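Observations on the three-dimensional arrangement
The residues making up each chain are set out below.
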Amino acid sequence: MKIALVIDDSLDRGDGVQQYVKTLGAYYTKHGHYVDYITTKSVDTQLNNVYSLSSSVRFKFNGNKVAIPLPIKIRKMRALLKSQQHDVVHIQLPYSPLFSGILLHNLPFNTAIIGTFHILPYGRIASIGTRMLGVVSNFSLKKFDAIYSVSKPAQLFADNVYGIKSKVLPNAVDVAAFKLPKKTAPGTILFLGRLVERKGCADFLKIMSEVRRLYTGHLRIDIAGDGPERKTLEAMCRQLGLNTHATFHGYVEDMDKKILYASSQIAVFPSLGGESFGMVLVEAMANGSTVVIAGNNSGYSSVMKQRKQQIINPKNHVAAAKTIVKFLESAIARKQATQWQNSIITEYDVDTVGQMLLQAYSDILQSKITLS
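I will try to describe carefully the structure that is included in this document. (Residues numbered from 1 in each chain as written. Predicted model: local features only at pLDDT ≥ 70, side-chain atom pairs only at ≥ 80, totals over all residues. Heavy atoms only, no water.)

**Notes on the overall build of the protein chain**
Selection rule: Helix and strand definitions here come from DSSP, where helices need a minimum of 4 consecutive H or I residues and strands a minimum of 2 consecutive E residues; each element is numbered from the N-terminal end. Two things to know: the radius of gyration comes from C-alpha atoms, and the globule rule equals 2.2 Å times the number of residues to the power 0.38. Residue exposure (1.4 Å probe, protein chains only): buried if accessible area is under 20% of the type maximum, exposed if over 50%, otherwise partly exposed. Whether two residues touch is decided by their heavy atoms; if any such pair falls within 4.5 Å, the residues are in contact.
A tally of regular secondary structure across the protein chain gives 13 helices and 15 strands. Relative to its length of 372 residues, the protein chain is compact, with a C-alpha radius of gyration of 21 Å against a globular reference of 21 Å. Among the 372 residues that make up the protein chain, the fraction classed as buried is 56%. Taking contacts inside the protein chain between residues at least 6 apart in sequence as the whole, the part at least 24 apart equals 73%.

Quick look at the structure:
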């Protein structure tokens with residue numbers, strides 16, 4: 001099949017939607033399909049067939065900096081669609097009416113049009129913004145043959161705000177790529193995420209202060225990620241007396257991220273909200289022996305199957321610390337946690353998700369042939 005993966009943003013960023021697109025693209029290519037990436041301005045030289053059809057402007061939204069695409073270059077877009085004659089166009093939702101919205105109206109009837117809904121807003125402003133986008137996008141949504149949401153919370157939001165009826169199909173992670181040899185020092189705890197308020201690193205440090213008070217063994221804290229709060233968090237780390245235990249690694253590339261997962265006994269992701277899924281949770285689980293502790297936001301809780309033993313309230317620092325110390329001190333608790341994680345990991349694997357999507361593409365194309 002000829003497949004176009006469409007995202008109203010640059011592929012140069014390392015956010016969850018970009019990872020989803022790249023992971024699916026690599027899987028499809030590996031299995032003999034032809035893949036184009038239709039994006040705003042991207043210069044990622046590691047990918048082939050990247051078509052940048054507009055520029056974008058960035059602003060703060062949902063606790064992150066996001067891109068608003070400028071109007072798509074219509075002549076260039078039409079020439080691309082005519083020359084490539086894609087069998088499938090898979091668009092990431094929500095999308096801009098100036099980019100994917102225009103693209104949708106230029107696709108022929110015999111193209112299978114698939115969507116994946118990714119977002120769950122954090123805060124009132126983000127919620128209002130996504131609702132307004134839902135109103136603007138309402139008409140073009142009728143063009144889709146099938147829409148998926150990456151989690152049950154995302155599915156409910158898509159239905160309530162956009163009127164989208166979707167099936168849940170999780171984000172895809174290349175599980176095999178994260179299975180590095182385990183090299184863990186006892187007492188090694190990892191935080192990985194952007195250093196913004198929503199991701200909860202400030203609460204993580206306060207939890208770690210309580211862990212240090214309760215736990216007498218060796219403690220090493222790795223903080224991977226960068227963002228506007230870094231200097232504030234480094235100062236907080238010193239104030240809490242954690243600076244001899246903690247290392248701020250800054251932004252880490254994919255290989256370094258995998259090494260940090262493999263070297264961690266416990267990975268803690270205390271995000272406060274705005275998570276539709278939780279790709280970092282699955283990546284950390286994929287190693288096979290890292291215990292994952294997740295914040296109690298709805299997206300993370302859905303990935304963790306509401307498993308209370310490994311879900312914390314990031315604002316209850318003492319209770320969260322006690323949960324972490326339990327896993328630091330008990331080999332049995334760690335074994336039970338990783339056995340459970342290993343029992344669910346395959347449903348998030350790209351081999352599972354990718355095959356389900358390819359089957360959906362094929363079924364839709366067959367139905368279009370029948371109708372024509």
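**Observations concerning a nonpolar patch on the surface**
Operational definition: A patch consists of residues whose relative accessible area exceeds 30% and which take part in no salt bridge; residues with like charges are grouped when within 9 Å of each other, and nonpolar side chains (Val, Leu, Ile, Met, Phe, Trp, Tyr) when within 5 Å. Note on areas: Shrake-Rupley, 1.4 Å probe, and residue coverage restricted to the protein chains presented here. The term salt bridge refers to a side-chain nitrogen of Lys or Arg lying within 4 Å of a carboxyl oxygen of Asp or Glu.
Where nonpolar side chains cluster on the molecular surface, the patch consists of Val 57, Ile 68 and Leu 70 and spans about 220 Å² of accessible area. As for its position among the elements, Leu 70 is in the loop between strand S5 (64–69) and helix H2 (74–84). For Leu 70, a relative accessible area of 36% puts it in the partly exposed group.

**What about the pairing of strand S14 (residues 291–295)?**
This is how it is decided: A pair of strands counts as paired when DSSP detects no fewer than two bridges linking them. Orienting the strands away from the viewer, one traces the path from the first strand over the helix to the second; a clockwise path indicates a right-handed crossover.
Where burial is concerned, most of S14 is hidden: five out of the five residues are buried. Along S14, one buried face is formed by Val 291, Ile 293 and Gly 295 and the opposite face, lined by Val 292 and Ala 294, is buried too. Bridging between strand S13 (residues 266–269) and S14 involves four bridges; their strand directions are parallel. Each bridged residue has a counterpart across the sheet, and for Ile 266 the counterpart in S14 is Val 291. Across two bridges, the pairing between S14 and strand S15 (residues 311–312) is parallel. Directly across from Gly 295, in S15, lies its bridge partner Ile 312. Crossover connection from S14 via helix H10 (residues 298–303) to parallel S15: handedness right-handed.

**Details of the sheet that holds strand S11 (residues 220–224)**
The pairing of strands in a sheet happens through backbone hydrogen bonds and is either parallel or antiparallel. Strand order across the open sheet formed by six strands is S12-S11-S10-S13-S14-S15, with parallel pairing between neighbours. Taken across any chain shown, the strands that pair with only one partner, and hence form the sheet edges, are strand S12 (246–250) and S15. Alignment of strand S10 (residues 188–192) against S11, held across five bridges, turns out to be parallel. In the strand pairing of S11, Ile 189 is matched with Ile 221.

**Structural notes on the pattern of salt bridges**
If you walk through the whole model with that rule in mind, you get 13 salt bridges. Asp 226 is the salt-bridge partner of Arg 230, the closest N and O atoms lying 3.8 Å from each other. Given the relative accessible area of 23%, Arg 230 is considered partly exposed. Classification of Asp 226 as partly exposed rests on a relative accessible area of 34%. Across the pair Glu 283 and Lys 257 runs a salt bridge whose closest N-O atoms are separated by 3.3 Å. A residue pair is termed long-range when its members are at least 10 positions apart, and Glu 283 in helix H9 (residues 279–286) and Lys 257 in helix H8 (residues 254–262) qualify at 26 residues. One salt-bridge network, held together by shared partners, links Asp 9, Arg 13 and Asp 15.

**Regarding unusual backbone geometry**
In this structure, the amide linkage connecting Leu 93 to the following residue, Pro 94, adopts the cis form with an omega of -5°. With respect to the helices, strands and loops of the structure, Pro 94 is situated in the loop between strand S6 (88–93) and helix H3 (100–104). The backbone of Asn 49 shows a phi angle near 60°, a positive value even though the residue is not glycine. Mapping Asn 49 onto the fold places it in the loop between strand S2 (34–39) and strand S3 (50–52).

**Points about the pairing of S2**
A large share of S2 lies buried, amounting to five of its six residues. Where strand S1 (residues 2–6) meets S2, five bridges bridge the pair, whose relative direction is parallel. Among the inter-strand pairings, Val 6 is bridged to a residue of S2, identified as Ile 38. With helix H1 (residues 16–30) bridging S1 and the parallel S2, this β-α-β connection has right-handed handedness.

So, to be careful, I would describe these as geometric facts and stop short of saying anything about function.
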